[in-house]
Amino acid sequence: MNRPGIAAFFSSGASSVAPRVDALFWSLVLASAVVVAVLVLLNLTFLIRYRRGSPARRGPLEVSTWKFEATWIGLTTVGFLGFFFWGARVYLDMERVPADAYSINVVGRQWMWDIRHPNGRREFDELHVPLGRDVRLLLSSEDVIHSFFAPEFRVKQDAVPGKTVSVWFKPTREGVYPLYCTQYCGTKHSQMTGRIVVMSPDAYAAWLTCGPTPRIAERGRELFTKYSCSGCHDQPSQIHAPPLLNVYGSMVPLQDGTFVYAGDEYLRDSILLPTKQVVAGYQPIMPSFQGVVSESDLLDLIAYLKSLPTAASAAPQPSPAAP
Amino acid sequence: MSLLVESSKAPPRMPSYLEAGHTVRSWLFTLDHKRIGILYMAAITVFFSIAASAAALMRIELLTPAGDVVTSETYNRLFTMHGVLMVWFFLIPSIPSVLGNFIIPLMIGARDVAFPRLNLLSWYLFMAGGILATYSIVAGGVDTGWTFYTPYSSTYSNGHVMAMAAGVFIAGFSSIATGLNFIVTIHKLRAPGLTWTRLPLFLWSMYATSIILVLATPVLAITLVLMAMERLWGVGIFDPKLGGDPLLFQHLFWFYSHPAVYIMILPGMGVVSETLAAFARKPVFGYRVVAASSMAIAILGFLVWGHHMFVSSQSVYAGVVFSLLSFLVAVPSAIKVFSWTATLYRGHITFETPMLYALGFIGLFTVGGLTGIFLASLAVDVHVHDTYFVIAHFHYIMVGGMVMAYMGGLHYWWPKISGRLYHEWTARIAALITFIGFNLTFFPQFVLGYLGMPRRYHMYPEQFQTLNVLSTAGASILAVGYALPLFYLGWSFFFGRRAGPNPWGATGLEWKTASPAPEHNFETTPVVTTGAYAYDAEGNP
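Definitions and cut-offs
- Throughout, residues of each chain are indexed from 1 in the direction in which the sequence is written.
- Chains carry letters from A onward and ligands carry numbers from 1 onward, assigned in written order.
- Where local features are concerned, this predicted model is filtered to residues with pLDDT of at least 70; where side-chain atom pairs are given and counted, the filter is 80 or more; whole-chain, interface and lining totals use all residues.
- No hydrogens and no water enter the side-chain calculation; it runs on all heavy atoms of the structure.
- For helices the rule is a DSSP run of H or I covering at least 4 residues; for strands it is a run of E covering at least 2, with both sets numbered from the N terminus onward.
- Here the globule rule is a power law, 2.2 Å times the number of residues to the power 0.38, and the radius of gyration is based on C-alpha atoms.
- Only protein chains enter the accessibility calculation, which uses a 1.4 Å probe. A residue is then buried if its area is under 20% of the maximum for its type, exposed if over 50%, and partly exposed in between.
- Throughout, a contact is declared for two residues whenever any of their heavy atoms are within 4.5 Å.
- Exposure was quantified through the Shrake-Rupley algorithm and a 1.4 Å probe, taking into account, for residues, occlusion by the shown protein chains and nothing else.
- With a 1 Å grid spanning the protein atoms alone, the term cavity applies to any set of points in which a 1.4 Å probe fits but cannot get out, the term pocket to an open set with protein on both sides within 12 Å along at least five of seven lines, and the term lining residue to any residue with an atom within 4 Å of a point.
- Grid points are joined across faces, edges and corners, and a volume is the space filled by probe spheres set on the points.
- The residue classification treats Ala, Val, Leu, Ile, Met, Phe, Trp, Tyr, Cys and Pro as nonpolar and Asp, Glu, Lys and Arg as charged. All others, Gly included, are polar.
- What counts as an axis is a line fitted to C-alpha atoms, over the stretch in contact for a helix, and the angles between N-to-C directions run from 0 to 180 degrees.
- Orientation labels follow simple angle bins: below 35 degrees gives roughly parallel, above 145 gives roughly antiparallel, 65 to 115 gives roughly perpendicular, and whatever is left gives oblique.
- Throughout, a crossing is termed right-handed when the near helix is turned clockwise from the far one, and left-handed when it is turned anticlockwise from it by less than a right angle.
- A pair of aromatic rings is counted whenever rings of Phe, Tyr or Trp (Trp by its six-membered ring) have centres within 6.5 Å, and the orientation is called stacked for planes under 30 degrees apart, edge-to-face for over 60 and tilted otherwise.
- By the criterion adopted, a ring carries a charge over it if an Arg CZ or a Lys NZ lies within 6 Å of its centre and within 35 degrees of its normal.
- The set of buried Ala, Val, Leu, Ile, Met, Phe, Trp, Tyr and Cys residues whose side-chain atoms join them within 4.5 Å is what this entry labels a nonpolar core.
- Confidence scores labelled pLDDT are given residue by residue by the predictor and lie between 0 and 100.

Engineer: Could you give an account of the overall build of chain B, naming the residues involved and the relevant values?
Structural biologist: Each helix and strand in chain B was counted, giving 16 helices and two strands. On C-alpha atoms alone, chain B measures out to a radius of gyration of 23 Å, which is about the 24 Å that the 2.2 N^0.38 rule sets for 541 residues. Buried residues in chain B amount to 66% of all 541 residues. Long-range contacts, defined as pairs at least 24 residues apart, comprise 83% of the intrachain contacts of chain B with a sequence gap of at least 6. Entry remark: accessible area of chain B is about 17,200 Å², with carbon and sulfur atoms responsible for 71%.

Engineer: Which residues make up empty space enclosed by the protein, and what values go with them?
Structural biologist: Residues and elements named next belong to chain B. Enumeration according to the criterion identifies six cavities of 30 Å³ or more in this entry. Roughly 80 Å³ of internal volume is contained in the second largest cavity. Surrounding the second largest cavity, Tyr 40, Trp 88, Ile 92, Pro 93, Pro 96, Ser 97, Phe 126, Ala 171, Ser 174, Ser 175, Thr 178 and Leu 213 form its lining. Those elements that place two or more of their residues in the lining of the second largest cavity are helix H3 (72–107) and helix H6 (161–188). Of the residues forming the lining of the second largest cavity, the biggest block, five residues, is contributed by H3. Its residues assigned to classes, the lining of the second largest cavity shows eight nonpolar, four polar and no charged.

Engineer: For the packing of H3 of chain B against helix H9 (residues 266–280) of chain B, give the residues involved together with the corresponding values.
Structural biologist: Residues and elements named next belong to chain B. As a packed pair, H3 and H9 sit with axes 11 Å apart at the nearest point and diverge in direction by 45 degrees. It follows that H3 is oblique to H9 by the angle criterion. The element H3 and its partner H9 pack so that their crossing is left-handed. Two secondary-structure elements touch here, H3 through Ile 95, Pro 96 and Met 107 and H9 through Pro 267, Gly 268, Val 271 and Glu 274. Each residue belonging to the contact of H3 with H9 can be placed in one class, and the counts come to five nonpolar, one polar and one charged.

Engineer: Provide a residue-level description of the packing of aromatic side chains, including the pertinent values.
Structural biologist: A ring pair, where both rings are aromatic, is described by two values, the distance of the centres and the angle of the planes. For the structure shown, the criterion picks out 68 aromatic pairs over all chains. Considering the side-chain rings of Tyr 75 of chain B and Phe 79 of chain B, the 5.8 Å spacing of their centres and the 70 degrees angle between planes classify their relative orientation as edge-to-face. Taken together, the residues span about one helical turn, with Tyr 75 of chain B and Phe 79 of chain B both in helix H3 at a distance of four residues. In this pair, the class of Tyr 75 of chain B matches that of Phe 79 of chain B, namely buried. The structure contains a cluster of three or more aromatic residues connected by ring pairs, namely Phe 25 and Trp 26 of chain A together with Phe 374, Phe 389, Tyr 396, Phe 438, Phe 442, Phe 443, Phe 446 and Tyr 450 of chain B. Residue placement shows Arg 121 of chain A over the ring face of Trp 207 of chain A; its charged tip is 4.1 Å from the ring centre. For Arg 428 of chain B, the ring lying beneath its charged end belongs to Trp 425 of chain B, and the centroid distance is 4.7 Å.

Engineer: With reference to specific residues and values, describe the environment of Val 260 of chain A.
Structural biologist: Structurally, Val 260 of chain A can be placed in strand E12 (residues 259–261). The contact partners of Val 260 of chain A, leaving out residues within four places of it in the chain, are Ser 250, Met 251, Val 252, Leu 254, Tyr 266 and Gln 277 of chain A.

Engineer: Before we move on, can you summarise the nonpolar core with the specific residues and values?
Structural biologist: The nonpolar side chains of a soluble globular protein tend to be buried with one another. Counting residues in each nonpolar core, the largest one holds 242 residues, and the members touching the most others are Trp 88, Phe 89, Phe 361, Tyr 406, Trp 413 and Ile 417 of chain B. When residues of this core are assigned to their parent elements, the largest contribution, 21 residues, is made by H3 of chain B. Those residues in contact with Phe 89 of chain B, other than ones at most four positions away along the chain, are Ile 44, Phe 47, Val 84, Phe 126, Gly 129, Gly 130, Ala 133, Gly 167, Val 168 and Ala 171 of chain B. By size, the runner-up hydrophobic cluster in this structure holds 24 residues, among which are Phe 224, Val 252, Val 279 and Tyr 304 of chain A.

Engineer: Give me the lowdown on the confidence of the model for chain A, citing residues and values where you can.
Structural biologist: Caution applies to low-pLDDT regions: their predicted coordinates should not be interpreted in detail. All names here are of chain A. Confidence along chain A averages 86 in pLDDT terms, with 90% of residues attaining 70 or more. No element of chain A has a lower mean pLDDT than helix H4 (residues 216–226), which averages 80, and none a higher one than strand E6 (residues 146–150), which averages 97. Contacts from residues 312–323, a stretch scored under 50 in pLDDT, to residues over four places away or in other chains number 16 contacts.

Quick look at the structure:
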């Protein structure tokens, strides 16, 4: 967006992974150009030299064809394997989210991007991120499949309803960059676009606190009552349900004798798929909230559960401004 | 290919298949594979024209960044209609059902396909599917895209999804029946002496295609039925709100639709092998490897569907395996391109229209294949997936490859179909216009995709306009290239010069019999004594 026209074609992008993707892309362009040039040259030579009635010498081939066949099968296979390893190497790094990445929730919805920062600041179709920081987006969708595409970052990931998928990048240049939805999602698919604003960490920290920051944990508490979670999980209760204090960040013992780490994913699963992991000593009596609780409410509920005193309160969210 | 005629006395001449009856009934109830081929040709020409008109409207809309010609609703229905009709009602039946039906029995020295009644039923199923699909368009259209991704298609879309899906479902049975017919025909009805290693390469590619048709199409049928169950009765299969998994649909859909890509290119490769041999007047270089590569593509093609899902949130390791297999499936295609180039070496080359289309195919298919390598590379695919880069890539294969091959094959066998010759120079110019128009339409789309323009966008940011204008300009040239053959081939059908049995001086059993082909193809069953493409040192058959 800030680099219009043909200059963008040779731009090195605005994320840490972009130069690596570009190096692979341009190597593929170069290799393809060489192959096309050789083929065009050979074809033209043969077409002219062996046109009907030309004086060129013909007759059967003196060497057996298998030598040529083996050569080009071997060469293409080796070349392809090389590019396979290169592409897979970069991809694996793109998929491995750094442990201390700064997490932002992104919900796709017909036809907007609904973005929540860790302190509760919410924005639509615009994503502010700090420069030089590993940023992890927790993508989910409220309705159909969307896809988060930041071309200048060379990053793309589908937002699939019913699950949360991580994608990460590290912005390397301040500026404003386009954001597109690239999975067809209905009538206004082409208007599900937005902007990504890369700011200096200080500016980002200031931005984070200046806007309206609805207390999502408080809203989560209201939802906790609204969806009748409190009826069973608040103590004291008639129904035998696991208490939720000290859950987040702990190792929860399960019915089958194993343990599970209670992170965001566990909390989400416990609400949507309560029979998937039953806590030791309890009956699988909780109903599923799949299709009942919206993606947006779900995020607030999880925020509330995380705000309760936790086992891991010694290790709080990493501060956004830290590089 | 030389053959021995069993009887030296000339028997009374059979009427050509065109003279065997002139009533509508004699066409609609024909069991003759050649007439059924013509019925298919008429049908797919109509579907192609409808689908191409949709593309033309889209290209006009994309002249400007704003959505000013049609609404978003309409635009989404246009690209769905374009995709569904082009894939299932033009490309998949194009070479197999038109040229395959017409030529396969002639090439193997048979009187007809193995199951002529099943063959006619295939056409009726195809038409029933086509009419249902057309109904869904006339009734208001479908806005899901040809991929029908769930949960959009099963829960959210308000278009006539069920009618469209039912049309595709029914047409699928036509594909299965045709594939089965060809497999049995090639196995059981070959002329004496026509062993597997003497088969023309078109037959090898049609055999490989038929295997895919029979094995992959049922999965599409199952997928569409599951989608219908969710849409009509709310059975939770794909929609997570009903307890389903949206990615399951993608796995099932691409398990059919990736092999279907090879249904849409293998027959074209077969046509190119035939035309190159005929106009270079020598055997195809490395016949056995080229034949084997068709089979390798058919088999490996079943194992690469996940490369459509690298950013779908499927497992990272599945992505890596699918990437590796996708690189490997490109090897047999590369073998073919190199072998075709080597075929020209020491040939006696002339440049009739079918040859121009074949050479165009090699160039465009090579670009399409190489950009496929870009998409198989995981890290690059993440960036260009679902952008215009992908659109350009598969149009280079489907249109630059398959449509060029279909046009080439149509011109090559036209004398056998019509008994007449078209005006050579007009046809050459049309081929050239098609080639230029095609490149101008689709090459800019590679650049657009790399710059980040997503596919299926009714409106787009201003910086993409120049390349879109170029693309639309190319499309108008391409339209001329496609319209011209309708006129000069139509004209030649009635007024063209008589062709004679073998106007190109080609080998192959289809050129040993009269043009247009007699009702029962051969006066006497031919006997084959040599391999395919047995040209002498001077390039004569």
